[in-house]
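Residue-level listing of the chains:
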Amino acid sequence: MTSSRELIVEADGGSRGNPGPAGYGAVVLDPATGETLAEAAEYIGVATNNVAEYKGLVAGLKAARELFPDATVHVRMDSKLVVEQMSGRWKIKHPDMKPLAAEAGRVFPAGRVRYEWIPRERNKHADRLANEAMDAAKLGRRWEPSGSTAALDASAARNAATPPPSGPPGDAAAGAARARSALAAAGTGTGRDLAPDGTGTGSGAWPGGASRPSVPHAGPDEGLFAAEDALTAVPGGAEASGDFEAEAGILAQTGSAAHAGSAQPAAADVTPTATARSQGWAGPDMGAPATFVLLRHGETALTPEKRFSGSGGSDPELSAAGLRQAEAVAAALAARGTIQEIVSSPLTRCRQTAAAVADRLGLDVRIEQGLRETDFGAWEGLTFGEVRDKYPADLDAWLASAKAAPTGGGESFATVARRVAATRDRLAAAYAGRTVLLVTHVTPIKTLVRLALGAPPESLFRMELSAASISAVAYYADGNASVRLLNDTSHLRG
């Protein structure tokens, strides 16, 4: 045997309850033929998903060592947490995982094992083994290799599967790469050198295959709100939802808001992002972006009562429902396994939501003042209808202009947008190429999406953003952005 022999280890673990009845599975494969060389699976009692995944890794590495002690090993897992921690890029903080990680690190000498994250769809063999172990334990039995069908099931799945998309969830990077290549072949590309997976360096086409035209810069007062005079409001008597920007589009009365809607912006009234640069038709840098996963905090007692709750009020805690939502989104993000950093608004409801995710992922939470919610002034704690009754003129002005502040010295949307844009630029530079969870509020999230799309201020009133929802925006080094997800609440419907 020589150290030139390479083996593939695929490992997984699962917990039915997290924590709950748990088991792991691992398979050793020949990289040239795909042949299964060894399998391991075991029920481990009550444990978390992460502990089960680590135990699967240890079992897979030990099985590989028994076969070829001098081999080099390529570990493939769908747990981003385990892959990043074992690669040395993330800290290991959880006391249950530290000894397991240390044990895994001792199986082979340092430098002989490399780790790769793969989508869950490509880890079916190990996943099936883990489930077989848990199923056997439920029947009072022990998993036996002779009774396993995992290898057959995995082979059938590979034959039937289509290649999974590359990139984070919601990203169409593979399709965009093919489109860019086609455009380049047709003579409409920009000369960008592309690798087969669509990555590369230099100037390339706009995401999806189209280049972005240059954006005129607005004057100092227009800046983020060059098209604010186009703001309109839809009259009606529908119920409030607690999402006040969307509310305003439904509940606003006729009057000054409707009058403002008669003003038509000029064709050049484009709202650029603060970092946009004149690109002409050259297109942006398509290197690895800073990806912001935008999480709105869970419910508070004020949310179902549909009351303004900003940064100038009582700073409420999460309600019982909000705490359940925080746990649900934490579980979903842990399963997705892409979050590398967590940054939170300083307000209590965001801190609590961020803490639930951080506990699952074993990450620290950085507090960022720029992510706080709008200060709604004298409107804090009031419903939209109560504000309309008490401060009708101020409400009409607020609906008519992004520069108008709520009664009593609150923040205008223009002020919030400048604060959020500055925070975005600072975080995008600090976390270039990484995936960061920003736990924040309705207005900051909508503002980030609006600026990424280059949409006018009135678009804030046309977006729905639910409690504990997930959105995502990717920011490239040249200032361009790509909205990848908006208001995903699928994790709350389990």
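About the cut-offs
- Residues numbered from 1 in each chain as written.
- Predicted model: local features only at pLDDT ≥ 70, side-chain atom pairs only at ≥ 80, totals over all residues.
- Heavy atoms only, no water.
- Axes fitted to C-alpha atoms, helices over the stretch in contact; angles between N-to-C directions.
- Helix = DSSP H or I, 4+ residues; strand = E, 2+ residues; numbered from the N terminus.
- Parallel < 35°, antiparallel > 145°, perpendicular 65-115°, else oblique.
- Contact = heavy atoms within 4.5 Å.
- Core = buried A, V, L, I, M, F, W, Y, C linked by side-chain atoms within 4.5 Å.
- Buried < 20%, exposed > 50% of the residue type's maximum accessible area, 1.4 Å probe, protein only.
- Pairing = 2+ DSSP bridges.
- Phe/Tyr/Trp six-rings, centres within 6.5 Å; stacked < 30°, edge-to-face > 60°.
- Lys NZ or Arg CZ within 6 Å of the ring centre and 35° of its normal.
- Salt bridge = Lys/Arg side-chain N within 4 Å of Asp/Glu carboxyl O.
- Polar contact = N/O pair within 3.5 Å; in protein donor to acceptor, adjacent residues only side chain to side chain.

All right, on to the packing of helix H13 (residues 413–430) against helix H14 (residues 442–453) then. A packed helix pair is summarised by two numbers, namely the angle formed by the two axes and the spacing between the axes. Two elements in contact, H13 and H14, have axes whose closest approach is 10 Å; the angle formed by their N-to-C orientations is 75°. Classified by the angle between their axes, H13 and H14 sit roughly perpendicular to one another. Of the residues in H14, those in contact with Phe413, Val416, Ala417, Val420, Ala421 and Arg424 of H13 are Thr443, Pro444, Thr447, Leu448, Arg450 and Leu451.

Leu57, Leu61, Ile342, Val357 and Leu437 are the most contacted members of the largest nonpolar core, which totals 52 residues. Apart from residues no more than four positions distant in its own chain, isoleucine 342 is found in contact with Ala354, Val357, Ala358, Leu363, Asp364, Val365, Arg366, Leu437 and Val439. Counting 22 residues, the second largest nonpolar core, distinct from the first, contains Phe292, Val420, Leu427 and Tyr431.

As summarised here, the arrangement of the 6 strands in space is S8-S7-S9-S6-S10-S11, forming an open sheet in which the pairing is mixed. Each of the sheet's edge strands pairs with one partner strand only, and the pair in question is strand S8 (365–367) and strand S11 (481–488). Direction aside, neighbouring strands of the sheet carry axes that sit 20° apart on average. Two elements, strand S10 (residues 470–475) and S11, share 5 bridges in a ladder whose sense is antiparallel. Counterpart to tyrosine 475 in the pairing with S11 is alanine 481. Strands in contact with helix H10 (residues 348–361) are strand S6 (290–296), strand S7 (341–344), S8 and strand S9 (435–440); relative to S7, the strand with the most contacts, it is inclined by about 170°. Packed onto the sheet, H13 meets S6, S7, S8, S9 and S10 and runs at close to 130° relative to S6.

This part is about the packing of aromatic side chains. Remark: the centre distance and the inter-plane angle together describe each pair of aromatic rings, the angle taken between the planes. Evaluated as defined, the whole model comprises 9 aromatic pairs. On the basis of an interplanar angle of 55° and a centroid distance of 5.6 Å, the ring pair of phenylalanine 308 and tryptophan 379 is categorised as tilted. In this pair, phenylalanine 308 sits in the loop between S6 and helix H9 (320–336) while tryptophan 379 sits in the loop between S8 and helix H11 (384–390), placing the two residues 71 residues apart along the sequence. Under the relative-accessibility criterion, phenylalanine 308 is labelled buried at 0%. Among the residues examined, tryptophan 379 registers a relative accessible area of 0% and is labelled buried. Looking at arginine 5, its charged tip hangs above the ring of phenylalanine 68, at a distance of 4.2 Å from the centre.

Each neighbour pair has its own omega, and for asparagine 18 with proline 19 the value is 5°, a cis peptide bond. Unusually for a residue other than glycine, asparagine 18 sits at a positive phi of about 45°. Considering the arrangement of structural elements, one finds asparagine 18 in the loop between strand S1 (6–15) and strand S2 (20–29). Its identity as a non-glycine residue notwithstanding, asparagine 487 has a phi of 55°, on the positive side. By secondary structure assignment, the location of asparagine 487 is in strand S11.

Evaluated as defined, the whole model comprises 19 salt bridges. Close ionic contact of glutamate 368 with arginine 366 constitutes a salt bridge, the shortest N to O distance being 3.6 Å.

So, about the pairing of strand S3 (residues 36–47). Regular strands place side chains that alternate from one sheet face to the opposite one. Note: S2 against S3, 10 bridges, orientation antiparallel. Within S3, the residue paired with glycine 23 across the bridge is tyrosine 43.

Our focus in this paragraph is the environment of serine 482. Along the chain, serine 482 falls in strand S11. Separated by 30 residues in sequence, serine 482 and alanine 452 place their C-alpha atoms 6.6 Å apart. Not counting residues up to four positions away in its chain, the partners in contact with serine 482 are Ala472, Val473, Ala474 and Tyr476.

Before going further, it helps to examine the environment of histidine 297. In this structure, histidine 297 sits in the loop between S6 and H9. Assessed through its relative accessible area of 5%, histidine 297 is described here as buried. A C-alpha to C-alpha distance of 9.6 Å links histidine 297 and isoleucine 470, two positions 173 residues apart in sequence. In contact with histidine 297, not counting residues within four places along its chain, are Arg349, Cys350, Thr353, Thr440, His441, Ala467 and Ala468. A polar atom in the side chain of histidine 297 sits 3.3 Å from the side chain of arginine 349.

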